[in-house]
Amino acid sequence: WTLAPGIERLEHWSRRADQAGIHLVSALWSYSTSGSLPYFAMAALFNGVCMRKHFEKEISVSGNRNRILMAVFLYLLPMLWRGEFLLFFSTFLVIVGGFGSFAFSPIGSWSHCLFHVVFFLLPPCIFAASMTLPMNQEYAALAARCAEPL
């Protein structure tokens, strides 16, 4: 079951729901990488507005793309803010690889699948960013103690 390229595919409910889901995850990841409730509230508000825009009658492909890129930037920014440059660049490379596979279709119709395979590396990067937060150090130490043999 596929949709032909064009406006029908762009306006389909499944594409709209998929992109709205990207905004939901981006809002949650902004908290994971920042550990800040005010920052999360700002990112959640932005992403909530973006989610709503995906379900308007008229859609803007470039507007949707730009809002998704901004949402990604919102969860990357705290890594830069804290000076975690290696973590930022490794996360950024995963994102560029995933978006590149989607945008340039290096393996034809399988490129969307490749996009998801590459993005499988993204949650561990977000988890690593979360574990560098001072608020999570106690939990990281507890997890390490639980992993010790008895």
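Residues numbered from 1 in each chain as written. Predicted model: local features only at pLDDT ≥ 70, side-chain atom pairs only at ≥ 80, totals over all residues. Heavy atoms only, no water.

Undergrad: I keep staring at the nonpolar core and nothing clicks. Help me out?
TA: Proteins that are soluble and globular tend to have nonpolar side chains buried together. Among the nonpolar cores identified, the biggest contains 16 residues, and Y75, L76, M79, I95 and L122 are the most heavily contacted of them. Those elements that provide at least two residues to this core are α4 (61–81), α5 (85–104), α6 (111–119) and α7 (122–131). Not counting the four nearest positions on each side in its chain, L122 is found in contact with W29, Y75, T91, V94 and I95. (Core = buried A, V, L, I, M, F, W, Y, C linked by side-chain atoms within 4.5 Å. Buried < 20%, exposed > 50% of the residue type's maximum accessible area, 1.4 Å probe, protein only. Helix = DSSP H or I, 4+ residues; strand = E, 2+ residues; numbered from the N terminus. Contact = heavy atoms within 4.5 Å.)

Undergrad: Which parts of the structure should I look at to understand the pattern of salt bridges?
TA: Side chains that differ in charge, positive against negative, can pair when their charged atoms come close. This model, assessed by the stated rule, comprises 3 salt bridges. Residue K53 pairs with E56 through a salt bridge whose shortest N-O separation is 3.9 Å. For E56, a relative accessible area of 28% puts it in the partly exposed group. Two residues, E84 and R82, come together in a salt bridge whose shortest N-O distance is 2.9 Å. Under the relative-accessibility criterion, R82 is labelled partly exposed at 30%. Each of R52, K53 and E56 takes part in a single network of salt bridges with overlapping partners. (Salt bridge = Lys/Arg side-chain N within 4 Å of Asp/Glu carboxyl O.)

Undergrad: Help me out: how do you make sense of the side chain of E84 in this one?
TA: If you trace the backbone, E84 turns up in the loop between α4 and α5. Residue classification places E84 among the buried positions, given a relative accessible area of 16%. Once residues within four sequence positions are removed from consideration, E84 is found in contact with M79 and T132.

Undergrad: Would you explain helix α3 (residues 37–53) in this entry?
TA: An α-helical turn contains 3.6 residues, so a residue and the one three or four places further along point in the same direction. Helix length check: α3 (17 residues) gives 24 Å between terminal C-alpha atoms against 24 Å at 1.5 Å per residue, within 8%. Among the residues making up α3, those that are buried are Y39, A43, N47 and C50. For α3, the angular spread of buried residues about the axis comes to 50 degrees, placing them on one side. Facing away from the buried surface of α3 by more than 90 degrees, the exposed residues are L37, P38, L45 and R52. Structurally, α3 contributes buried residues whose contacts are with α2 (13–34) and α4. Near the N-terminus of α3, the side chain that reaches the backbone nitrogen of Y39, with its oxygen 3.2 Å away, is that of S36. (Expected span 1.5 Å × (residues − 1). Arc of directions from axis to C-beta. Polar contact = N/O pair within 3.5 Å; in protein donor to acceptor, adjacent residues only side chain to side chain.)

Undergrad: Teacher, can you tell me more about the packing of aromatic side chains here?
TA: Aromatic ring pairs are reported here in terms of the distance separating the ring centres and the angle at which the planes meet. By the definition in use, this model includes 8 aromatic pairs. Ring geometry for F102 against F115: centres 5.3 Å apart, planes inclined by 55 degrees, an arrangement best described as tilted. With F102 in helix α5 and F115 in helix α6, this residue pair connects regions lying 13 residues apart in the sequence. Take F102: its relative accessible area is 41%, and that puts it in the partly exposed class. Looking at F115, the relative accessible area reads 11%, which means it is buried. An aromatic cluster is defined as three or more aromatic residues linked by ring pairs; in this entry it consists of F99, F102, F115 and F119. (Phe/Tyr/Trp six-rings, centres within 6.5 Å; stacked < 30°, edge-to-face > 60°.)

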